[in-house]
Structure formats: structure tokens, C-alpha cells
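So you can see what is in the structure, the chains are spelled out below.
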Amino acid sequence: MKTITFTEENYLKAIYVLSGEATGRIANQSIANRLEINPATVTEMLHRLRDKRLIEYSRTDGARLTKVGKDLATKVVRKHRLWETFLVQKMDFTWAEVHEVAEQLEHLQSDKLMDQLDKLLGYPQFDPHGDPIPDKHGKLPSLKAIPLSERGPRKKYRLVAVTDNNPAFLTLLDKLGLALNDTIEIIEIQDFDKSMNVVLDSKTKATLSWEVSNNLLVV
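Because the structure is predicted, anything quoted here is derived from the model rather than measured.

J.: Would you explain the overall build of the protein in this entry?
T.: Of regular secondary structure, the protein possesses eight helices and eight strands. Against the compact-globule benchmark of 17 Å for 219 residues, the protein has a radius of gyration of 19 Å, which places it among compact chains. Counting every position in the protein, which comprises 219 residues, the buried fraction comes to 42%. In the protein, the proportion of contacts linking residues at least 24 apart, taken out of those at least 6 apart, comes to 60%. Approximately 12,500 Å² of the protein is accessible, and the part contributed by carbon and sulfur atoms is 50%. When the 31 positive and 31 negative side-chain charges of the protein are each reduced to one mean point, those points stand 6 Å apart.

J.: How do you make sense of the nonpolar core when you look at a structure like this?
T.: Nonpolar side chains tend toward joint burial in soluble globular proteins. Of all hydrophobic cores here, the largest spans 21 residues; its most connected members are Ile15, Ile31, Leu46, Leu49 and Ile55. Taken together, the elements giving at least two residues each to this core come down to helix 1 (6–19), helix 2 (28–35), helix 3 (39–51), strand 1 (55–58), strand 2 (62–65) and helix 4 (67–91). It is helix 1 that contributes the most residues to this core, six residues altogether. Among residues more than four places away in sequence, those in contact with Ile31 are Tyr11, Ile15, Leu18, Ile26, Val42, Leu46 and Ala63.

J.: Can you walk me through the sheet that holds strand 3 (residues 146–147) in this structure?
T.: The pairing of strands in a sheet happens through backbone hydrogen bonds and is either parallel or antiparallel. Judged by pairing direction, the sheet is antiparallel, and its six strands sit side by side in the order 3-8-4-5-6-7 without closing on themselves. Of all the strands in the sheet, the pair left with one neighbour each is strand 3 and strand 7 (204–208). Note that strand 4 (residues 155–162) and strand 8 (residues 216–218) share three bridges and pair antiparallel. Of the residues in strand 8, the one forming a bridge with Leu159 is Val218. Contacting strand 4, strand 6 (196–200), strand 7 and strand 8, helix 7 (residues 167–176) crosses the sheet at an angle of about 140° to strand 4.

J.: Could you clarify how one ought to interpret the environment of Pro134 in this entry?
T.: Its location among the elements puts Pro134 in the loop between helix 6 (111–120) and strand 3. Assessed through its relative accessible area of 1%, Pro134 is described here as buried. Through-space distance from the C-alpha of Pro134 to that of Arg25 is 22 Å; in sequence the pair is 109 residues apart. Filtering out sequence-adjacent residues up to four positions away, Pro134 remains in contact with Tyr16, Thr74, Val77, Arg78, Lys139 and Leu140.

J.: Sorry if this is basic, but what is going on with helix 7 here?
T.: In an α-helix, one full turn covers 3.6 residues, which means residues spaced three or four apart are oriented alike. Three or more residues of helix 7 are buried, namely Phe169, Leu170 and Leu173. What you see down the axis of helix 7 is that its buried residues fit within an arc of 95°, all on one side. Set apart from the buried face of helix 7 by more than 90 degrees, the exposed residues are Ala168 and Lys175. Elements that come into contact with the buried residues of helix 7 comprise strand 4, helix 8 (210–214) and strand 8. Sitting at the head of helix 7, Asn166 places a side-chain oxygen 2.8 Å from the backbone nitrogen of Ala168. In the segment just after helix 7, Gly177 is the residue with positive phi, at about 75°.

About the criteria used
Throughout, residues of each chain are indexed from 1 in the direction in which the sequence is written. Residues qualify for local features only when their pLDDT is at least 70, as the model is predicted, and side-chain atom pairs are given and counted only at 80 or more; totals for whole chains, interfaces and linings, by contrast, use all residues. Only hydrogens and water are set aside when side-chain values are computed; all heavy atoms of the structure are taken into account. The numbering of helices and of strands both runs from the N terminus, where a helix is a DSSP run of H or I of at least 4 residues and a strand a run of E of at least 2. With C-alpha atoms as the basis for the radius of gyration, the globule rule is written as 2.2 Å multiplied by the number of residues raised to the power 0.38. Only protein chains enter the accessibility calculation, which uses a 1.4 Å probe; a residue whose area is less than 20% of its type maximum is buried, one above 50% is exposed, and one in between is partly exposed. We call two residues in contact whenever any of their non-hydrogen atoms come within 4.5 Å of each other. To measure how exposed things are, a 1.4 Å probe is used in the Shrake-Rupley method; for residues, cover is taken only from the protein chains shown. Under this rule, positive means Lys or Arg and negative means Asp or Glu; His and the chain ends count for nothing. The location of each charge is read from NZ of Lys, CZ of Arg, CG of Asp or CD of Glu. For our purposes a nonpolar core is just a set of buried Ala, Val, Leu, Ile, Met, Phe, Trp, Tyr and Cys residues, chained together by side-chain atoms within 4.5 Å. Any two strands with at least two DSSP bridges between them are considered paired. Axis geometry follows a simple rule: fit a line to the C-alpha atoms, using only the stretch in contact for helices, then measure angles between N-to-C directions, giving values from 0 to 180 degrees. Each C-beta atom gives one direction from the helix axis, and the arc is the one those directions make. Pairing of N or O atoms within 3.5 Å defines a polar contact, subject to two protein rules: one partner must be a possible hydrogen donor and the other a possible acceptor, and residues neighboring in sequence count only if both atoms are side-chain atoms.

Purely geometric numbers; function is a separate question.
Okay, here's the thing in C-alpha cells:
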């Protein structure tokens, strides 16, 4: 197989992540939105990836990873999430700061380096945002959680992941004093806009918009 470029790895990772959020093949526009690039550029790259047999692709049906493509994408995702974990645990980065740095580090090609990093971190199963980290064989730990927006009032839940890694969103959670494994007790849900009056970690009252609560995964 030909050498895979950093850009091609980014496409494979994007398709991998989008495949976890939807069923069926992934449309060009969805890939373009995730990578924030022109759909015409996406089409050109998808043809290249198809020629390398890393994806199955047609303009009408969209893209799907082949076995080889999925294996490569899983490795990139594993590296990205391990580096995010390292940056938070060992380098004092905040969860809002790690994404761009991990985007650069994920393209390092040493399997030994990643195995040693995994060992150094104690074989973590989830990254600082609660995303599951594939092990060296590509297996993902299970995470049975649903958005807070789908939960009912008068109950207490534990935050285990966020589905939006945008720094602005993570900074907002920091300002609220909300972090992974904190508890969220829903006091009341407003009929008008589905915003929630909550108590965070049994001490702080706050109001969460539907958009915020929909990006918080809880158990």
C-alpha cells in the first residue's frame, strides 16, 4: 500500500468519527463540515482514498471505510486520544487546550512510542473529554450514556463525556465549574425552551440551555 499522508489520515479519522454518529455511508457534505473545507476538495480526496482501497465510495451513496481504512483510522484516533490524555495528566493542559496539539502529535508513526505512552498513563480507557480510547488491537471500551437533555427532573446524574470539544464550549463548562465525573441534579425543565435548572456537584445552582445539556453525556 502507498504511503498515507497526514491529510489522508485526517479524512480517515473524520469518516471514522462520523460513522460512530450515524448509520450507513457518510455524505461528502458531512465530511466537509467536520473538516471545515470545500465539498469539491472532499470529493477529490475521496476518489484518492478509494483508489488506495481505504474506503468504498460513490458520489450518490457516500463513503465507508474498508477494513484496512478502519484499522488506520482507529490507530489515528487512538494516538489522538492518548496524546490528549497525556497533555492533561502530565503537562497541565486544560481539556479546552489539548485538541489542536493532539492533532499534530497524532501523526507520529512509532507504535512503540504509543505503547509506552499507554503504559505510562496506566492504560486509560477514556480521554479527558470522555471519548473512548481504542486499545492496541482497536477494541473500544463501552460507554453506555445518553445526553442530559433526554433525562428527567428530580434525579441526579454523573457526567461521563462531552460530545462537543469546541474550546468555547469547554471553557463555558469550566466557568460553570463542571468537569467529568461531577454530578448534575435536574431540578426543573422549562417547557418553553427545554432549558434546565440544575445543581452541579451538590453545591452550585445553574441554568443549562438545551444545546448545552444535549452535549453532556451522563449516566
